[in-house]
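Observations on the model geometry
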Amino acid sequence: MTSRPIYLDHQATTPLDPRVLDEMLPYLTTEYGNPNSAHAYGRAAAKAVATARRQVADLVGAKNPVEVVFTSGATEANHLAIVGGALAKRPYGGHIVTTAIEHKAVLAAVQRLVDHHGYTSTRVAVDEHGRVHPGDIAAALTPNTVLVSVMHANNEIGTLQQIAVISQLTAPRGILLHTDAAQSAGYGLFDADELGVDLASLSAHKLYGPKGIGALYVRSGTLLTAQQTGGGQERGLRAGTLNVPAIVGLGAAAHLITSDTAPSPTQIRALRDRLQDRLLDALPGATVNGHPSRRIPGSLSLTLPDTEAADVLDHLPDIAAATGSACNTGTGEPSHVLTAIGLTRTQARRTLRLGIGRTTTAAEVERAAALIAQATARHRPPRSSAARGSAARAPAGSLTVSKSPAGPTYLTYRSDVLPRLPQQEGLGAGHRFCRGDHHVPESRRPVPSARRSTRTPGSSRPRSSSTTP
């Protein structure tokens, strides 16, 4: 019997923990009641939902289980938080601040407000480690800002953001703070009260639970406009019959983390560091993306020196890994996260995303490192080709003009840092850029010729970008 590939894609999804499945099975078979029903079957289901809600509340540091709203996953939770939170604050014409490396679900929710509710948005740039600087968030705030959304941990490079510091900027101004915590909650790194967030999104399949279920933490007193209406479930915030088996699974997965029965993040980090060290030793010129220390334990983003990552993976049937976010698969475009941290399009296409998890063994790490090194060596092009490829990059700090298929013109500042195709990342008509808190509409910006930046690595940070209808 052929052995299964070594699984190194835990950022995309995690395997269902057998203990979680055991908790779910009765609600897939004999305990099939609707939790809204008044009879014994319904009461049993309602009790299971209440237990799971308390378990998730414990995981995220909620003071009251009622602050947990069950959704179909983090994508729905992001939309309910961003669109629902913003519209409850201001039905039309508000302002949203987010970052250049957010998950596409967040960027799409922001764009929905821009396209349909007269909102403007500012997308703040990050540094070379993928960290947004709180001072840049502060500079982007305006009197019309109603919500800031900054992910806790990035799904591609693993960098953790300074959410607690950002909350000290938003709370005194009455601005809602949302964070996508899908990647960090599984390590027990997230505490809503300590971080000071108003809204936080979770997904069960990122923390060894089932797919198709997630939750939104909603701090008491935070108002939301429901995005899915009907029967009034979840305090009227999310209509639809509750998915009891999946909710039980999410609760069980959360309980494994808070009860310390899951492998510690320290063990996972040690395996990640071993894989990283082996690959850096075997592949001179390879570089690691993300913050050196402020990174989730299982995340390893590695840029190969002169080989397309997709070519390497195509010849690695014994390894299950990725070149970037699973949500980008099939688009043919480089990751907007990688270009936002300063990688060229060529470098982004040379990047592997490797994810260590609870079930990864030391033997698998050693074998994976050897196989990746061998495959990379086989596909390394002649030196002359590599040199030509590495030289083909946009001048840092240039200002260029591009048009979307629909016609709007875009000014793209720092083409090696911000996404090359803004329209693909959800930006609508009327793209504009800002420097600090000074917003310059496109119609009023001169278009200078491209100029080469004199910025040295680490000397300054890329600019922020904004969109307006």
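Our structure's up above, just so we're on the same page.
Let us look at the structure shown here. Every value quoted in this text rests on a predicted model; they were computed, and no experiment measured them.

**With respect to the overall build of the protein chain**
Along the protein chain, the regular secondary structure elements total 14 helices and 17 strands. Expressed as a percentage of the 469 residues in the protein chain, the buried residues total 54%. Considering only residue pairs separated by 6 or more positions, the protein chain has 73% of its internal contacts joining residues 24 or more positions apart. As presented, the protein chain carries roughly 19300 Å² of accessible surface, and 52% of it is formed by carbon and sulfur atoms.

**Concerning the pattern of salt bridges**
This structure, assessed with the given rule, holds 14 salt bridges. When the shortest N-O distance is used, the salt bridge between Asp9 and Arg353 registers 3.2 Å. Placement of the pair is Asp9 in the loop between strand E1 (6-7) and helix H1 (18-28) and Arg353 in strand E12 (residues 351-355), with a sequence separation of 344 residues. Each member of the pair, Asp9 as well as Arg353, is classed as buried. Put simply, Lys63, Asp193, Asp198 and Arg219 are held in one network by salt bridges that share partners.

**Remarks on a nonpolar patch on the surface**
A surface patch of nonpolar side chains, about 310 Å² in accessible area, is lined by Leu16, Leu21, Leu25 and Leu28. By secondary structure assignment, the location of Leu25 is in helix H1. Note on Leu25: relative accessible area 37%, which makes it partly exposed.

**What about helix H3 (residues 74-89)?**
Compared with the 22 Å implied by 1.5 Å per residue over 16 residues, the 22 Å span of H3 between its first and last C-alpha is a close match. Of all 16 residues making up H3, twelve are buried, and the element is well covered by its neighbours. Listed in full, the buried residues belonging to H3 are Ala74, Glu76, Ala77, Asn78, Leu80, Ala81, Ile82, Val83, Gly84, Gly85, Ala86 and Leu87.

**A word on helix H13 (residues 362-378)**
Look at H13: 25 Å from first C-alpha to last across 17 residues, which is about the 24 Å you get at 1.5 Å a residue. Where H13 is buried, its residues touch E1, helix H9 (265-282), helix H10 (309-314), strand E11 (319-320) and E12.

**Section: unusual backbone geometry**
Located in the positive-phi region is Tyr208, a residue other than glycine, with phi close to 70°. Mapped onto the elements of the fold, Tyr208 is located in the loop between strand E7 (199-203) and strand E8 (214-218). Positive phi outside glycine occurs at Glu234, with the angle close to 55°. As for its position among the elements, Glu234 is in the loop between E8 and helix H8 (244-258).

**Re the packing of aromatic side chains**
All told, the structure shown has one aromatic pair when counted by the stated rule. On the numbers, 5.3 Å between centres and 20° between planes, the contact of Tyr32 with Tyr41 is stacked.

**Some points on the environment of Arg345**
Positionally, Arg345 belongs in helix H12 (residues 345-349). The exposure class of Arg345 is partly exposed, given its relative accessible area of 23%. Residues Arg345 and Ser335, spaced ten residues apart in sequence, show a C-alpha to C-alpha distance of 8.3 Å. A distance of 3.3 Å separates a polar atom in the side chain of Arg345 from a polar atom in the side chain of Glu333.

**Re the side chain of Asp180**
As for its placement among the helices and strands, Asp180 is situated in strand E6 (residues 176-180). The side chain of Asp180 is buried and forms no salt bridge, while Lys206, the nearest opposite charge, is found at 8.4 Å. A polar contact is formed between the side chain of Asp180 and the side chain of Asn78, at a distance of 3.2 Å. Each residue touching Asp180, except ones within four places of it in the same chain, is listed here: Asn78, His103, Val106, Val150, Met151, His152, Ala153 and Ser201.

**Looking at the sheet that holds strand E10 (residues 299-303)**
On the basis of which strands lie adjacent, the open sheet formed by three strands has the order E9-E10-E12 and antiparallel pairing. Only two strands of the sheet have a single neighbouring strand rather than two, namely strand E9 (287-289) and E12. Across the sheet, the mean angle separating the axes of adjacent strands is 30° when strand polarity is ignored. Here E9 pairs with E10 via three bridges, running antiparallel. By the bridge assignment, Val288 is partnered in E10 with Leu302. Of the strands in this sheet, E9, E10 and E12 touch H9, which is tilted by about 10° from E10.

**Digging into the nonpolar core**
Core analysis: the largest hydrophobic core is formed by 60 residues, its most contacted members being Val56, Phe70, Ile137, Val148, Phe190, Val197 and Leu250. For this core, the leading source of residues is H8, giving ten residues. Beyond its immediate chain neighbours, meaning those up to four positions away, Leu250 contacts Val56, Phe70, Ala204, Leu207, Pro210, Ile213, Gly214 and Ala215. Grouped together as the second largest cluster of nonpolar side chains are 30 residues, Ile6, Ala309, Leu354 and Ile372 included.

**A look at the packing of H3 against helix H4 (residues 104-116)**
Relative orientation of the contacting elements H3 and H4 amounts to 30°, with a least axis distance of 9 Å. With respect to each other, H3 and H4 are oriented roughly parallel. For the crossing formed where H3 meets H4, the hand is right-handed. On H4, the residues that touch Thr75, Asn78, His79, Ile82, Val83, Ala86 and Leu87 of H3 are Ala105, Val106, Ala108, Ala109, Val110, Arg112 and Leu113. Each residue belonging to the contact of H3 with H4 can be placed in one class, and the counts come to ten nonpolar, three polar and one charged.

**Let's talk about the pairing of strand E4 (residues 120-124)**
Counting buried positions along E4 yields five of five residues, so the element is predominantly enclosed. Burial of the side chains of E4 extends over both faces: Thr120, Thr122 and Val124 are buried on one face and Ser121 and Arg123 on the other. In this structure, strand E3 (residues 95-99) lies alongside E4, joined through five bridges in parallel fashion. If you follow His95 over to E4, its bridge partner there is Thr120. Remark: the E3/H4/E4 crossover connection has right-handed handedness.

What counts, and at which threshold
- Residues numbered from 1 in each chain as written.
- Predicted model: local features only at pLDDT ≥ 70, side-chain atom pairs only at ≥ 80, totals over all residues.
- Heavy atoms only, no water.
- Helix = DSSP H or I, 4+ residues; strand = E, 2+ residues; numbered from the N terminus.
- Buried < 20%, exposed > 50% of the residue type's maximum accessible area, 1.4 Å probe, protein only.
- Contact = heavy atoms within 4.5 Å.
- Areas by Shrake-Rupley, 256 points an atom, 1.4 Å probe, with all protein chains shown as cover.
- Salt bridge = Lys/Arg side-chain N within 4 Å of Asp/Glu carboxyl O.
- Patch = residues over 30% accessible without salt bridge, like charges linked within 9 Å, V, L, I, M, F, W, Y side chains within 5 Å.
- Expected span 1.5 Å × (residues − 1).
- Phe/Tyr/Trp six-rings, centres within 6.5 Å; stacked < 30°, edge-to-face > 60°.
- Polar contact = N/O pair within 3.5 Å; in protein donor to acceptor, adjacent residues only side chain to side chain.
- Lys, Arg positive; Asp, Glu negative; His and termini not counted.
- Pairing = 2+ DSSP bridges.
- Axes fitted to C-alpha atoms, helices over the stretch in contact; angles between N-to-C directions.
- Core = buried A, V, L, I, M, F, W, Y, C linked by side-chain atoms within 4.5 Å.
- Parallel < 35°, antiparallel > 145°, perpendicular 65-115°, else oblique.
- Left-handed = near helix turned anticlockwise from the far one by under 90°.
- Nonpolar A, V, L, I, M, F, W, Y, C, P; charged D, E, K, R; others polar.
- Right-handed = clockwise from strand over helix to strand, strands pointing away.

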